[in-house]
Amino acid sequence: MTRYHADLAARAVPRYTSYPTATDFTDAVGAERQALALLGVAPDAAVSLYVHIPYCRDICWYCGCTTGAVGREGRLDAYVTALLAEIATVATLLDGRIGSVHFGGGSPNVLSPAQLTRVGDAIRNQFGVDEAAEWAMEIDPRGFDAARATALAAIGIRRVSIGAQTFAQPVQQAIGRIQPYGEVAACIDLVRAAGIQHINLDLMYGLPHQTEDDVTASIAAALALRPARVAMFGYAHLPAMLPRQRMIDAAALPDAAARFRQSALAHDLMTGAGYRAIGFDHFARPSDSLARAEAAGRLRRNFQGFTDDPATVLVGLGASAISQFDGVIVQNEKHVGRYRQAVTDGRLAGARGVVRTAEDRLRGAIIERLLCDGAVDLAALSAAHGAPVEALAGAVETLAPLAARGLVTRDGWRLTMADEDRCWRRIVATAFDARACRAASPASVAV
């Protein structure tokens, strides 16, 4: 991969799973705008559903997700009841064709088989989900059993994303997630036996006490499980924002240069094994739909990361879930108690968000193409959005220092980056982020 740039690696930049990003959300946007956006979805629009389950059996110290420990079992029943109420309310407002359903968390498989079935049936029946829709779920392999594998297959799950993170035991201990390799392998065997053949593994670098040897060994172990996709996420240490991360010894974290080497090593190992690099932290077998989308220029980026999902509308269900429409992004109430109260009263749960202006939509499209393709035709995108490309001249000029380093090339209004520089794509994308300066905002580092 590219050479290391210490100053760029030290910059904190957003991951740009949306534009504007969550740092721009305010309580000025809530349930009223959410209702208008749902009612405004055209009947022929492609829609994706995201279902958030904000519970885990055990809380991992590194995790930045909105989740909490299950505690009393009754919490799950109460949450499912609330989720069913929200599904009923949203279904009355939303037209559109549901092309995919994604369960995330937390750990969605913390729900019992009966609870999973209730939620899956409600989604399928009330939204009239397309028979060809892809159903996917993030799962925690710890304690996963055959009954849950059968339940997942029965509700339509065909792709699972399994959190492995690392197979190095000292690193697992340092992040509060003890998960032997055999447990992950057994989980994969169960889902495959149930007919779920599309497997994604999530790994991480930049963890406490993690070494390049650990990265090499974990990737070798992961490849032995024959996943279709692998995501290699960089750990972002934000203890002021995420109190659970205070359990992690900051002194044991690799520095920026070591993080870079781990990321570059992962890239070389994965591509050397025949996987195609996707965006800046995903890998997929060439035959996988994600790789085909990337090769065809159809790769997208949303709150689930890099995706081949072509949907123009994302509707979030559950506490803290985010919905994205052309003109607005709305996040549900994060506090589970307040979320439950709202939806059981028949109200929408939108609590904060941001209006997307015409300029936001253009800049968001530019950022998405840079992250997905490492290239963008500014003139073509500006024309598609009915905007003068000359308005982007200032942003382009700010790229001059990066162009001098060879990280971006300009040909008229077309920008391109070399494949080996994909780890710097977010740095280049920030040139088109016209929102308030985020220099002091909590965000993950560049690599």
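Residues numbered from 1 in each chain as written. Predicted model: local features only at pLDDT ≥ 70, side-chain atom pairs only at ≥ 80, totals over all residues. Heavy atoms only, no water.

**Student:** Which residues make up the overall build of the chain, and what are the values?
**Tutor:** Helix and strand counts for the chain stand at 16 helices and 19 strands. Here the C-alpha coordinates of the chain stretch approximately 60 × 50 × 40 Å along the principal axes. A total of 447 residues make up the chain; the buried ones form 56% of that total. Here the analysis covers contacts within the chain between residues at least 6 apart in sequence; of these, 73% occur between residues at least 24 apart. In the form shown here, the chain has an accessible surface area of approximately 17600 Å², with 53% of it arising from carbon and sulfur atoms. Mean positive and mean negative side-chain charge positions of the chain (45 and 46 charges, respectively) differ by 2 Å. (Helix = DSSP H or I, 4+ residues; strand = E, 2+ residues; numbered from the N terminus. Buried < 20%, exposed > 50% of the residue type's maximum accessible area, 1.4 Å probe, protein only. Contact = heavy atoms within 4.5 Å. Areas by Shrake-Rupley, 256 points an atom, 1.4 Å probe, with all protein chains shown as cover. Lys, Arg positive; Asp, Glu negative; His and termini not counted. Charge placed at Lys NZ, Arg CZ, Asp CG, Glu CD.)

**Student:** Lay out the pattern of salt bridges in plain terms, naming residues and giving numbers.
**Tutor:** Enumeration over the complete set of coordinates arrives at 21 salt bridges. The shortest N-O distance in the salt bridge between R177 and D140 comes to 3.4 Å. A residue pair is termed long-range when its members are at least 10 positions apart, and R177 in the loop between α6 (169–175) and α7 (181–193) and D140 in the loop between β5 (134–139) and α5 (146–155) qualify at 37 residues. Given a relative accessible area of 7%, R177 falls into the buried group. Three or more residues are tied together by salt bridges with common partners; here these are E134, R159, R229, D288 and D308. (Salt bridge = Lys/Arg side-chain N within 4 Å of Asp/Glu carboxyl O.)

**Student:** How would you explain the layout of surface pockets if you had to name every residue and give the values?
**Tutor:** Taken as a whole, the second largest pocket spans an internal volume of roughly 770 Å³. Lining the second largest pocket are 32 residues, and of these R300, T312, Q324, F325 and R356 sit closest to its centre. Of all the secondary-structure elements, those providing two or more residues to the lining of the second largest pocket are α2 (31–39), β11 (300–302), β13 (313–317) and α12 (358–373). Tallying contributions element by element places α12 first for the lining of the second largest pocket, with six residues. (1 Å grid on protein atoms, 1.4 Å probe; cavity = no way out; pocket = protein on both sides within 12 Å on 5 of 7 lines; lining within 4 Å. Points joined across faces, edges and corners; volume = space filled by probe spheres on them.)

**Student:** How would you sum up the pairing of strand β1 (residues 46–53)? Please name residues and give values.
**Tutor:** Within β1, eight of the eight residues are buried, leaving the element largely enclosed by the surrounding structure. Alternating residues of β1 divide into A46, S48, Y50 and H52 and V47, L49, V51 and I53, and every residue in both groups is buried. Strand direction decides the pairing type here: β1 and strand β4 (residues 97–105), joined by eight bridges, are parallel. Residue pairing in the sheet places V47 in a bridge with I98 of β4. (Pairing = 2+ DSSP bridges.)

**Student:** How would you summarise the packing of helix α4 (residues 113–127) against α5 if you had to cite specific residues and measurements?
**Tutor:** The description of two packed helices rests on the angle between their axes and on the distance between the axes. Interhelical geometry of α4 versus α5 gives an angle of 5° and a closest axis separation of 9 Å. In terms of orientation, α4 and α5 fall into the roughly parallel class. In this structure, α4 uses P113, L116, T117, G120 and R124 to contact α5, whose residues at the interface are A147, R148, A151, L152 and I155. Its residues placed into classes, the contact of α4 with α5 shows six nonpolar, two polar and two charged. (Axes fitted to C-alpha atoms, helices over the stretch in contact; angles between N-to-C directions. Parallel < 35°, antiparallel > 145°, perpendicular 65-115°, else oblique. Nonpolar A, V, L, I, M, F, W, Y, C, P; charged D, E, K, R; others polar.)

**Student:** Tell me about the side chain of S161, residues and numbers included.
**Tutor:** The residue S161 is located in strand β6 (residues 157–165) in this model. A polar contact is formed between the side chain of S161 and the side chain of D202, at a distance of 3.3 Å. If sequence neighbours within four positions are ignored, S161 has contacts with M137, E138, I139, N200 and D202. (Polar contact = N/O pair within 3.5 Å; in protein donor to acceptor, adjacent residues only side chain to side chain.)

On their own, these measurements won't tell you what the molecule is for.
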